[in-house]
Amino acid sequence: MISQVQAKAVIATAILLCGSAHVESFTQPDSSTGAIRTRSATITSSTSLHAKQRPDNEAITETSPSVISGGATADELAWQENNPFTTAPDDTSSAAAATADWIKQDFESQSSTASFTSANQEDDQKSQLLTNGPIRGPTNVIVYDTTLRDGTQMESISVSCADKLKISQRLSAFNVDYIEAGWPGSNPKDEEFFHRAQTELDAKTKSKLVAFGSTRRKRIQAKDDAQIQKLVECGAPTVCIVAKAHLWQVTDIIRADPSENLDMISDSVSYLTSLGIDVMVDLEHYFDGFKFNEEYTLKCCDAAVKAGAKVLVMCDTNGGSMPWEVDEITKETVEKFGNLATIGIHCHNDCGLAVANSLTAAKAGVGLIQGTINGIGERTGNADLCSIVPSLALHISSKMTCNDNLDEITSLSRYLDETLNRTPDRGAPFVGNSAFAHKGGLHVAALERSPDSYQHVDPSKVGNKLRVLISELSGRQNILGKMKKLDMDIDEKTSADRSLVILERVKKLESMGYTFEGADASVELMILHSTQHYCLPFRVLDYTAQVYDTDVDSASRVMSKMENDKTKNGGTVTKTNLARATVNVRVLDDPNHEEDEFLDRLEVAEGNGPVDALANALKKALVPSHPELENLQLIDYKVRILDPAAATAAATRVMIEFKDIKTDRQWTTVSVDRNIISASLNALVDGFEYALKDVVAGCVIEDFE
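Calculation criteria
- Residues numbered from 1 in each chain as written.
- Predicted model: local features only at pLDDT ≥ 70, side-chain atom pairs only at ≥ 80, totals over all residues.
- Heavy atoms only, no water.
- Helix = DSSP H or I, 4+ residues; strand = E, 2+ residues; numbered from the N terminus.
- Expected span 1.5 Å × (residues − 1).
- Buried < 20%, exposed > 50% of the residue type's maximum accessible area, 1.4 Å probe, protein only.
- Arc of directions from axis to C-beta.
- Contact = heavy atoms within 4.5 Å.
- Pairing = 2+ DSSP bridges.
- Axes fitted to C-alpha atoms, helices over the stretch in contact; angles between N-to-C directions.
- Core = buried A, V, L, I, M, F, W, Y, C linked by side-chain atoms within 4.5 Å.
- Parallel < 35°, antiparallel > 145°, perpendicular 65-115°, else oblique.
- Left-handed = near helix turned anticlockwise from the far one by under 90°.
- Nonpolar A, V, L, I, M, F, W, Y, C, P; charged D, E, K, R; others polar.
- Phe/Tyr/Trp six-rings, centres within 6.5 Å; stacked < 30°, edge-to-face > 60°.
- Lys NZ or Arg CZ within 6 Å of the ring centre and 35° of its normal.

> Tell me about unusual backbone geometry, and name the residues and values.
The amide bond that connects Gly137 to the next residue, Pro138, takes the cis arrangement and shows omega of 0 degrees. Among the secondary structure elements, Pro138 is positioned in the loop between helix H3 (94-109) and strand S5 (142-145). Phi at Asn421 takes a positive value of approximately 60 degrees, unusual for a residue other than glycine. Within the secondary structure layout, Asn421 lies in the loop between helix H15 (409-419) and strand S13 (437-438).

And the structure:
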């Protein structure tokens, strides 16, 4: 059965083909009184413009002569099932009638694969992806991001409205197709987002926004549901509403009559589509519901499609479906409804299968995949778009609008973690720092011959890079790879000899507690120090660090550090500088690095602790000679006790991560010592030296013995 909207489009096309005009009339029951009403709509054809008078007398103008549609109420949709083609034959030429009859028969025989755009839709305010009919995967796939809605339900994640706006822009720049930005009917923050989005986001980003909500409540009409009205008022061009598709969930959880749940779906969808809003339906507990009562779950699909839903999203809400179940159920759903609407998938990761299930569904015909960046989401997370998108693009050759930006996905992943104040998952597929890291000597030797020997894709295609790790398990080839990366001008025999010496040093240091896998900067400095032409850009001659306090009582000392002291004017002042450090360094006197004149510089600085004070003093001493260090930031400081049984005499490993805020480059250094201050200073010195290794040309400081 085709809809009333589609029937009108067919007749309009017939009239245009015959160059005539007619008045279309139809009858339907009044939703409030039950009385039979007669409505009419005048359709006039033109070579460049046509207008339609909707039943509510609202004139709509379109520039496309082949597309015409109007919103249908729930009563209209129910009525049209028995009266799909009621027209006024007296006002229609016989040629037009014959053409309309032929198109009707052809239309029904092809199961209506066309999609009709609402006439009051503005092209720059709504995504046009679904206007040409249902999308079928895996050839074509729509990427639907729900990071800002479902993703924020993950434990320990909270995002401000301002950050949501920034993330939306970044997602839009990556060119995901839809951005589910929140539920305006559930909290003030999401309402604020959609309000600010109207003025603070560009047209492209606004066209991708989706507002999330649910079907209307029981025993009221959709137009009277406050939550539905919030979806309408938020201004989003697309709405995704969640509906129960599991019979047990309907009867026992929301305690609704099964038929009433179907009415809730139909009424909600038809009301929103009548206002020109594109509607997607998240069919909650779809796979569990299908296994429980297939007939009822498919009735939910039918109700949504007949009401005008453009996308049916099958949700693995509890995350317990197996890939073979997803494959079987998806194929059956696509077979029944794939010509009427785009079928989508929404997976949770409770069994660690969210990505696998999403890809399985795409292979079975799903045309829209919902997921989140980095797989964040409730409980164990959602399907990870940072794995799904590259897999579809590089292994399945799916066409996606974001394909051209695939090399930005690693940057997008890290941007989101940075914004949400999360530690990136080093082992994340495609985008993790370890995704293309190689440690075994045999692997590295093979990679030298062919990059395809131990990696499934070129890292650069996803914006990542190959890394060769150095450890006691490494072979000489790992060291040679690092030396090649540094572009060292030494012959092959010398490189081979030095690589063996460095490898032995690495193994000895790791036996003492060092770890170089996450400290590439320390490894590169070790290699540079082994060459004859490299000299230190500065040298620390001596240092001291002092820690002081105003009260040695344990309880009051902690409180003095944690609490604010009240001032007389009502303000607050925090006690922070509880350490002082002195650093004496030998540095280049010329900040332009042109003269070989050196001087000793003594500087004092304070900090929140001895390490912070040392970092401040070191930077203060070096910046006059090396202004580029002004951009250097310490972004992480990690300490690990290596032999706890030794108590206060235990060896301590310190790793410090640095960042150049101008170039966005990051690096990590490592040091081990039984004196935590010495270990920290050594890691600091390595970090500052690494920042200068490409800046200072030639030999800077000779041995001063």
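Additional details are given in the paragraphs that follow.
> I'd love a proper account of helix H12 (residues 323-337), names of residues and values included.
Residues separated by three or four positions in an α-helix point in the same direction, a consequence of the helix having 3.6 residues per turn. For H12, with 15 residues, the first-to-last C-alpha span of 21 Å sits near the 21 Å given by 1.5 Å per residue. Residues of H12 that are buried include every one of Pro323, Val326, Ile329, Thr330, Thr333, Val334 and Phe337, and no others. The buried side chains of H12 occupy one side of the element, clustering within an arc of 135 degrees when seen end-on. Residues of H12 that are exposed and angled more than 90 degrees away from the buried face: Trp324, Glu328 and Glu335. Next to the buried residues of H12 lie helix H10 (286-292), helix H11 (294-306), strand S10 (311-316), strand S11 (342-347) and helix H13 (354-363).

> Explain H15 to me, and be specific about the residues and the numbers.
Of the residues making up H15, those classed as buried are Ile409, Thr410, Leu412, Ser413, Leu416 and Asp417. The buried residues of H15 occupy one face: seen down the axis, they fall within an arc of 165 degrees. Summarising the contacts, the buried residues of H15 are in contact with helix H4 (161-174) and helix H14 (385-396).

> Report on the sheet that holds strand S19 (residues 598-607), specifying residues and quantitative values.
Strand order in the open sheet made by the three strands is S15-S18-S19, with antiparallel pairing throughout. Strands at the two margins of the open sheet, each flanked by one partner only, are strand S15 (538-547) and S19. The average undirected angle you get between the axes of adjacent strands in this sheet is 15 degrees. Across nine bridges, the pairing between S15 and strand S18 (residues 579-588) is antiparallel. Opposite Thr544, over in S18, you have Thr582 as the bridge partner. The sheet contacts of helix H21 (residues 610-622) involve S15, S18 and S19, and relative to S18 the element is tilted by about 30 degrees.

> Provide a residue-level description of the nonpolar core, including the pertinent values.
Nonpolar side chains tend to gather and get buried jointly when the protein is soluble and globular. Residues Phe193, Val281, Tyr286, Leu312 and Ile345 are the most contacted members of the largest nonpolar core, which totals 91 residues. Per element, the largest residue contribution to this core is seven residues, and it comes from H11. Apart from the residues within four sequence positions on either side, Phe193 is in contact with Cys161, Lys164, Leu165, Ser168, Ala181, Leu201 and Leu209. Counting residues in each nonpolar core, the second largest holds 32 residues, with Val585, Leu614, Phe658 and Leu684 among its members.

> Give me the packing of helix H7 (residues 226-233) against helix H9 (residues 258-274): which residues, what numbers.
Running from N to C, H7 and H9 point in directions that differ by 25 degrees, and their axes come no closer than 11 Å. Overall, the two elements H7 and H9 adopt an arrangement that is roughly parallel. In the crossing of H7 with H9, the sense of the turn from one axis to the other is right-handed. Facing H7, whose interface residues are Ile228, Gln229 and Val232, H9 presents Ser268, Tyr271 and Leu272. Its residues assigned to classes, the contact of H7 with H9 comprises four nonpolar, two polar and no charged.

> So what about the packing of aromatic side chains? Which residues, and what values?
One pass over the full model with this rule turns up eight aromatic pairs. Ring geometry for Phe193 and Phe194: centres 5.3 Å apart, planes at 85 degrees, overall edge-to-face. For Phe194, a relative accessible area of 1% puts it in the buried group. Both rings, one in Tyr286 and one in Phe287, keep their centres 5.7 Å apart while their planes meet at 85 degrees; by these two values the pair is edge-to-face. Of the two residues, Tyr286 and Phe287, both sit in the buried class. Each residue in the set Phe658, Trp667, Phe688 and Tyr690 is aromatic and connected to the rest through ring pairs, giving one cluster. Above the plane of the ring of Phe212 lies Arg149, whose end atom (NZ or CZ) is 3.7 Å from the centre. Above the plane of the ring of Phe193 lies Lys164, whose end atom (NZ or CZ) is 5.6 Å from the centre.

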